[in-house]
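Observations on chain architecture
What follows is each chain in one-letter form.
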Amino acid sequence: MMSSMTEPGSESENVVLPADSHVHSQWSWDALAGSMEGTCRRAVEIGLPAVAFTEHADFTPWSLRSELLALVPGDWQARVNDGVLTPPPLDLDGYLACLERCRELFPGLRILSGVELGEPHWHAARSTALLRAGGFDRVLASVHSASAGAGFAEISDRFRDRDPAGVLRDYLAETAALIIGFDAFDVLAHIDYPVRYWPANAPAHDPDDFQDEYRHVLRLLAAAGKALEVNTRVPLHPKILAWWREEDGQAITFASDAHDPARLADGFAETVRVAQAAGFGAGHNSGGFWGRVLGSGAGLKASVLLGIGDVR
Ligand SMILES: [Zn+2]
Ligand SMILES: [Zn+2]
């Protein structure tokens, strides 16, 4: 069972921290400050029961505008050709060997292997081959890209010439296409990813303005039997979590999406309370999936559906 720990920096009230189910280490091409060993050490320090290293497998090349090219970090410059950034493949052997080393170093911590597939519905053959080779405990599916001109751009770049509402609607439509077009994943990552880059001078993101689009994605995800990730980079709006429950969503995971050890389990204490209020609770497994608490209303004890989200 998980031990009761207080998240550093939180109020004195004890919160049982769930697993961090979405973390990057040095094996992710964009995690320049990543460290698997440092993240494990931090997990033990703060009393996290489990951590999943879901490294990037990005197959979509991004066209970069000239003004962005100048901002590409030195380590990435070699990946840019003719204004197109091609993310490198995941070094699977190196990653798996490092994971084994960390499992030996930190026997009390549950360390899950994982991968975050970018637009796997566009790259089904490569995604499937990687999954077969990796045998991952946890597979996240993500949309990070959108069509732009003759190529593709990272979502953050789309705000430069498109209104925010349009960027989010396109993103949610692409996410729906992912769920319909690709099945070999466990968890949908960051359903609200574009909100991270929402322009400060635009009207604030209000999920109600996109309720139909969010609910459409949530309904497809629930019907496909997948889990919804509660990503804390931008805290997921409680309304979206409530809609997930209403649309028959069964399971959630918690995700810091940390790219360096210091950000591990960021914001989890508050997010746990939001998830509990939305009717989700810790299950019997320590793999990080929370299930629906039966019934509704406050004060319900964990009559959590069993059998959801068991992992190896
Ligand atoms: Zn992502
Ligand atoms: Zn990520």
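Computed from a predicted structure; not experimentally measured.

1. What about the sheet that holds strand β5 (residues 84–85)?
- Read from one edge to the other, the open sheet built from 3 strands follows the order β3-β5-β4, with strand pairing classed as antiparallel. Only two strands of the sheet have a single neighbouring strand rather than two, namely β3 (62–63) and β4 (80–81).
- In this sheet, β5 lies alongside β4 in antiparallel orientation, the contact comprising 2 bridges. Residue pairing across strands places asparagine 81 opposite valine 84, the latter belonging to β5.

2. Examining helix α8 (residues 211–223)
- Across its 13 residues, α8 extends 18 Å between first and last C-alpha, which sits within 8% of the 18 Å expected from 1.5 Å per residue.
- For α8, the full list of buried residues reads Tyr214, Val217, Leu218, Leu221 and Ala222. Along the axis of α8, the buried residues cluster in a sector spanning 130°; they form a single face. Counted as exposed and oriented over 90 degrees from the buried face of α8: Asp212 and Ala223.
- For α8, the elements touching its buried residues are α7 (164–181), β10 (187–188), β11 (227–231) and α9 (238–246).
- Backbone geometry just downstream of α8 places glycine 225 in the positive-phi region, at approximately 75°.

3. Regarding the packing of α8 against α9
- Taken N-terminus to C-terminus, the directions of α8 and α9 make an angle of 45°; their axes are 9 Å apart at the nearest point. The orientation of α8 with respect to α9, classified from their angle, is oblique. The interaxial crossing formed by α8 with α9 has right-handed handedness. Every residue of α9 that contacts α8 at Tyr214, Arg215 and Leu218 is listed here: Ile240, Trp243 and Trp244.

4. Quick look at the environment of serine 142
- For serine 142, the location among the structural elements is in strand β7 (residues 138–142).
- If we skip the residues at most four places from it in the chain, serine 142 touches Glu116, Leu117, Gly118, Ala189 and His190.

5. Observations concerning the environment of glutamine 276
- Along the chain, glutamine 276 falls in helix α10 (residues 268–277).
- Its 17 C-beta neighbours within 10 Å are what place glutamine 276 among the partly exposed residues.
- Along the primary structure glutamine 276 and arginine 292 are separated by 16 residues, whereas in three dimensions their C-alpha atoms are 9.3 Å apart.

Thresholds, definitions, all that
- Each chain has its residues counted from 1, running along the sequence as written.
- Here chains are named by letter from A upward and ligands by number from 1 upward, in the order in which they appear as written.
- This being a predicted model, a pLDDT of at least 70 is required before a residue's local features are given, and a value of 80 or more before pairs of side-chain atoms are given or counted; all residues contribute to the totals for chains, interfaces and linings.
- Here, strands pair whenever DSSP counts at least two bridges between them.
- The helix and strand labels rest on DSSP assignments: H or I over at least four residues marks a helix, E over at least two residues marks a strand, and numbering proceeds from the N terminus.
- Given the number of residues in a helix, its expected span is that number minus one, multiplied by 1.5 Å.
- Field definition: a residue is buried when 20 or more other C-beta atoms are found within 10 Å of its C-beta, exposed when 12 or fewer are, and partly exposed for counts in between, with C-beta atoms placed from the backbone.
- The arc under discussion is defined with respect to the helix axis, by the directions toward the C-beta atoms.
- We call two residues in contact whenever the C-beta atoms placed from their backbones are within 7 Å.
- Note on definitions: angles span 0 to 180 degrees between N-to-C directions of axes, and those axes are lines fitted to C-alpha atoms, for helices only across the stretch in contact.
- Roughly parallel here means an angle under 35 degrees, roughly antiparallel means over 145, roughly perpendicular means 65 to 115, and every remaining angle is called oblique.
- Note on convention: near helix rotated counterclockwise from far helix by under a right angle means a left-handed crossing. Clockwise means right-handed.

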